[in-house]
Amino acid sequence: MKINNIHQVVDLDTLKEAGQLFIEDKSCTVEELNDFFTKYKSNCRTLFFRNDRIEELPEAMRELTALEYVILDLPNLKKLPSFFQEAAYKELTIKCAELPGIPEKWSHTGEPVLLPQLIRFTLDIERMKHFPVSFCLPSVKYLKVFSNELREFPGTLAKMTMLQNLSVEAPLCQMPVLHTLRGLKYLYLKKTEIEDFSSTDYWPESLGYLFISNQIAVNKGPVFSILKNLWKIEWFNQKPSKANLAGISVCKSLEHLELKNVVLHEGLKGCEGLKYFKIKGGELASLPFYVTALEHLFSLEVIDTQLSQVPDDWSGMKGLECLDLENNQLKDAAFVYTLPNSKTHFINLKKNPISDPLFMLEGNKMLPVRIEALDSFTALGYKETLRFVSGLAKSKLSREEKEWFYTQFKEQTSFTVPPTWSVYRLLQALHIAYKPLQDVLTHRILELSEQQKAEEKFQAGTKVYLTGKFEQTKKELKEKLTALNVTLCNKWEEGISHIVVGKRPPVNLPEEAYEGVCVLLENQLYRLLEEADPKFLLQEARQGEQQMGEGVMQMLQSEDPGTQMVALEMLKSGGVPEPLSIELLVIQKCSEDSKVRKEAKKLLEAFGPAEWLSFVRDRKNFVNSQEKAEHQIYKKQCELEKVTGKEPLSQFSLGLFERYGKGIHYLFANLPLHNEWRLKAMEVLTRENENVLNLDHWSKWNIDVLPKFPSDYPHKAKITQLNLSNCGIEVLPREIREFENLTELNLYGNNLCELPEVVLSLKKLKVLNLYSSKIISLPASIAGLANLEELCLGVCSMEAFPKEVLALKNLKVLDLSINNISSLLAEIVELEKLEKLDLFANKLTEFPKEVLALKNLRVLTIGRNSINALPVEIRELEKLEELDLTRLELTQFPKEILALKNLKRLDLRWQNRSFPMPKDIQKALPECEILL
């Protein structure tokens, strides 16, 4: 419950039941707060309090005895209350600027234990200079401290033996003593000013994750001989440091290493399990050879280090997927050819002075990856760039990778002047699907053809060879050429005088073959056939008209007024084909460009049906229809009907609906059943699939004719899927039963308070979606849907597991996500065919062991529940393939999962705390995708 002003009227019962209380009254006083808390003794568990004025907390706050989670954002707080010592808080966050430190009486020097249940403690105090000398909160597991002035921690921090996660963002000048904290696994130090990390008193053996961001140069690094369990290190120095990684080889569990301004040392060669390694900044002239021997490394990033030399052989990096060497001094990148081809898919060599980027094509070598190294192309001249194009055409790269190269420098080079190449080289480059270059090369080939006009015409006995793809089949072309006594050769042979080039011609002939022959493009071939015998073009003319109509339609449907004007100019000479007339009508009434509307009007007046004239000449338009509400468009349609009649308006409305998704209201509200245009509108709704009727968001059209649909639609027997999601339905029309072959019914997001009786008459129903409705229980008669296989009851405010679903013996999928279910029924075992169960975001406090009886279960989602452990018996779910454990309260990796040998996907994201993965997880679950 959110309160912006404590003087506002608040319902007492509502406040008492509020689980969370957010008070953001920035101007109230302590006295006013005392009155508020005295009057309203809420049972809330969470309190968020923000105020810019008060300097101390009200004593009446102690009345909130149920509080567990407290967040205080009080910039002017000067004093902490004494009742905090007795509070049963589990999590406490204090954010202020003025509090000079924690009072001495908060320190634990004996009995009683202060804040005995506190687990998470966060202090964000800008000007806190010190902790009490005897500061100690023994129950705390997670401690975060943010300060701009704190210089050191007291020695009593070492007595907080329950501490697992310590995060400090402050200018500490001395490392705290932590070696006694045997449970500490995560240490995060930021903005520190520590020179020496080398004392053995600083480091606990249990540490798994270490983050250091130091503001000054470090002279001595951590004692890695103690830190054998480290699996992740992030060490960032703002200035280059003398400290190095000597001794890190003992960290056999190390998987992630990220460094900045840290000296790389040969001790790294012992970390065979390293998977991610990044080093940025500093001076690293050469990359040590042992780095390329880390066969499990999947990501290597060496950035801004002045790197100029790398090992020649990278074949040992079998697991490498990403290599980033940006902004270094590499001149030779030939090493990329030694990378294994199996996994590496990204290399970044940008901002390196690579002497010749054409190295990537030398010797027709096959690149293992796509390489981002093409900023060097800006230095290439026009001829060199085209030489690259030619070499690219000859290379063994895939077409997709060739095209990818073009996208890297297409804006850096402008292909405007045809190169003086031979036809052979032109065709080599033309093979690449890069249009700016294709246009230039095609123009050059046409120029060469013009020079050979004397040899162009076909003579009796002429031999022709075709290369590339053509609009007509080779069989059709062969028949036409044979009629002219011209031979079409299937392979190259002596005596061929003409080569006809289609699209994407393969360069499969020797260069000598193109010498002394006439090279034609496809359109030139068709022109020669026309000149030789026009009858060949009769069929092509008809096909051309159809293709032209399709092309003009696409141009008319363009959003660009210039393209539409070109299409209108094309129609001036040939008239308006019937299929284009409705589209032209929509443009004339809806285009935002007045010139387009004017030209469309002229065409319709000249070539359109006579009965349309009154509609065309009426000044009312529908500009910006996509932005207007349906009722606004409907009002204008009704006004037009009085002037123009229903026929042209109906055709226009259908076109408007197809173009903008608006205007259908008129067709269903004003036309009688079985009207031609009303039926066509129904066909449009099922155009993508004749078996699917999609009425998603029907309510936005403001049409109250849903009950008429089954009677109105002539093909209702074909409909197997009906989508009525987000339609605002409160009562489902009884006429829905006429869709007797319905197998899927989607009622997502409606206002149904109970399962409609009409649904129970749909005996063939297999999928029923009631997600986000107001249904809190099911009728026993749902057992009549014996064929039901999938039932979705997510976000339905259900307080208990719906026992009625137990009668659905064929159920395979059951979604009960985001409800208030706290337990399952043992009888769920009766759902023997159940394969997918979704219990996300309910009120489960432990893993529901009833699930273990579902032997065919393949997908289980139990995330966002108060579950802190999994039972050993989960291994009984032998067929489980997907397991979602997001947002649980797990304290460690559930090793029971390793027994699920068929697991394909495991989701462990957004846990309350992080934990390392077992070393053998990939071996135990080799095919499982793990999300963290």
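Residues numbered from 1 in each chain as written. Predicted model: local features only at pLDDT ≥ 70, side-chain atom pairs only at ≥ 80, totals over all residues. Heavy atoms only, no water.

Caption draft 1: Region of the structure containing the pairing of strand 5 (residues 91-96). Relative to strand 5, strand 4 (residues 69-73) is paired through 5 bridges, and the arrangement is parallel. Its bridge partner being in strand 5, Ile71 is matched across the sheet by Thr93. (Pairing = 2+ DSSP bridges. Helix = DSSP H or I, 4+ residues; strand = E, 2+ residues; numbered from the N terminus.)

Caption draft 2: Spotlight on the packing of helix 11 (residues 578-590) against helix 15 (residues 646-660). The N-to-C vectors of helix 11 and helix 15 enclose an angle of 80°; their axes lie 9 Å apart at closest approach. With respect to helix 15, the axis of helix 11 lies roughly perpendicular. Judged by residue contacts, Ile582, Glu583, Leu585, Val586, Ile587, Lys589 and Cys590 of helix 11 engage Pro648, Gln651, Phe652, Gly655, Leu656, Arg659 and Tyr660 from helix 15. Residue classes in the contact of helix 11 with helix 15 are distributed as 9 nonpolar, 2 polar and 3 charged. (Axes fitted to C-alpha atoms, helices over the stretch in contact; angles between N-to-C directions. Parallel < 35°, antiparallel > 145°, perpendicular 65-115°, else oblique. Contact = heavy atoms within 4.5 Å. Nonpolar A, V, L, I, M, F, W, Y, C, P; charged D, E, K, R; others polar.)

Caption draft 3: How the structure looks around the confidence of the model for the protein chain. Scored by pLDDT, the protein chain comes out at a mean of 78, with 77% of its residues at no less than 70. Counting contacts from residues 534-545, a segment whose pLDDT is below 50, to residues more than four positions away or on other chains yields 7 contacts. Here residues 699-705 scores under 50 on pLDDT; set against residues more than four positions off or in separate chains, the count is 17 contacts. (pLDDT = per-residue confidence, 0-100.)

Caption draft 4: Unusual backbone geometry, seen in detail. One non-glycine residue, Ile818, lies in the positive phi region at around 55°. With respect to the secondary-structure elements, Ile818 resides in the loop between strand 27 (813-815) and strand 28 (836-838). With a relative accessible area of 38%, Ile818 lands in the partly exposed category. A positive phi angle is found at Ala841, which is not glycine, with a value near 55°. Within the fold, Ala841 resides in the loop between strand 28 and strand 29 (859-861). Given the relative accessible area of 14%, Ala841 is considered buried. (Buried < 20%, exposed > 50% of the residue type's maximum accessible area, 1.4 Å probe, protein only.)

Caption draft 5: Inspection of the packing of helix 14 (residues 630-644) against helix 15 at higher detail. Closest axis-to-axis distance for the helix 14/helix 15 pair is 8 Å, and the angle between their directions is 150°. Of the possible angle classes, the one that applies to helix 14 and helix 15 is roughly antiparallel. Within the contact between the two elements, helix 14 uses Ile633, Gln637, Leu640, Glu641 and Thr644 and helix 15 uses Lys646, Pro648, Leu649, Ser653 and Leu656. Its residues assigned to classes, the contact of helix 14 with helix 15 comprises 5 nonpolar, 3 polar and 2 charged.

Caption draft 6: Geometry of the environment of Leu189. Residue placement: Leu189 occurs in strand 9 (residues 186-192). Considered as a pair, Leu189 and Ile212 are 23 residues apart in the sequence and their alpha carbons are 4.9 Å apart. In this structure, Leu189 is in contact with Val168, Met175, Phe197, Phe211, Ile212 and Ser213, ignoring residues within four places of it in sequence.

Caption draft 7: Representation of the nonpolar core within the structure. With 105 residues, the main nonpolar core has Met61, Tyr89, Phe121, Trp203 and Leu300 as its most contacted residues. Looking at this core, the element that brings in the most residues is helix 2 (residues 30-39), giving 4 residues. The next biggest cluster of nonpolar side chains, apart from the first, holds 76 residues, and it includes Leu768, Leu791, Phe847 and Ile921. (Core = buried A, V, L, I, M, F, W, Y, C linked by side-chain atoms within 4.5 Å.)

Caption draft 8: The environment of Leu906, seen in detail. In this structure, Leu906 sits in strand 31 (residues 905-907). As a C-alpha pair, Leu906 and Cys928 span 22 residues in sequence and 6.9 Å in three-dimensional space.

Caption draft 9: Representation of the pattern of salt bridges. Using the criterion set out here, one finds 16 salt bridges in the structure. Measuring nitrogen to oxygen at the nearest pair gives 2.7 Å for the salt bridge that ties Arg909 to Asp907. For Asp907, a relative accessible area of 2% gives the class buried. One salt-bridge network, in which partners are shared between bridges, spans Glu258, Lys278 and Glu301. (Salt bridge = Lys/Arg side-chain N within 4 Å of Asp/Glu carboxyl O.)

Caption draft 10: Spotlight on the side chain of Ser653. Within the element layout of this structure, Ser653 appears in helix 15. For Ser653, a relative accessible area of 0% corresponds to the buried category. Setting aside residues no more than four positions away along its own chain, Ser653 makes contact with Gln637, Lys662, Gly663, Tyr666 and Leu667.

Caption draft 11: Representation of the pairing of strand 9 within the structure. Where strand 8 (residues 165-169) and strand 9 come together, 5 bridges link them in parallel fashion. Residue pairing in the sheet places Ser167 in a bridge with Tyr188 of strand 9. Taken together, the 6 bridges between strand 9 and strand 10 (residues 209-214) define a ladder with parallel strand orientation. Bridge pairing links Thr192 to Asn214 in strand 10.

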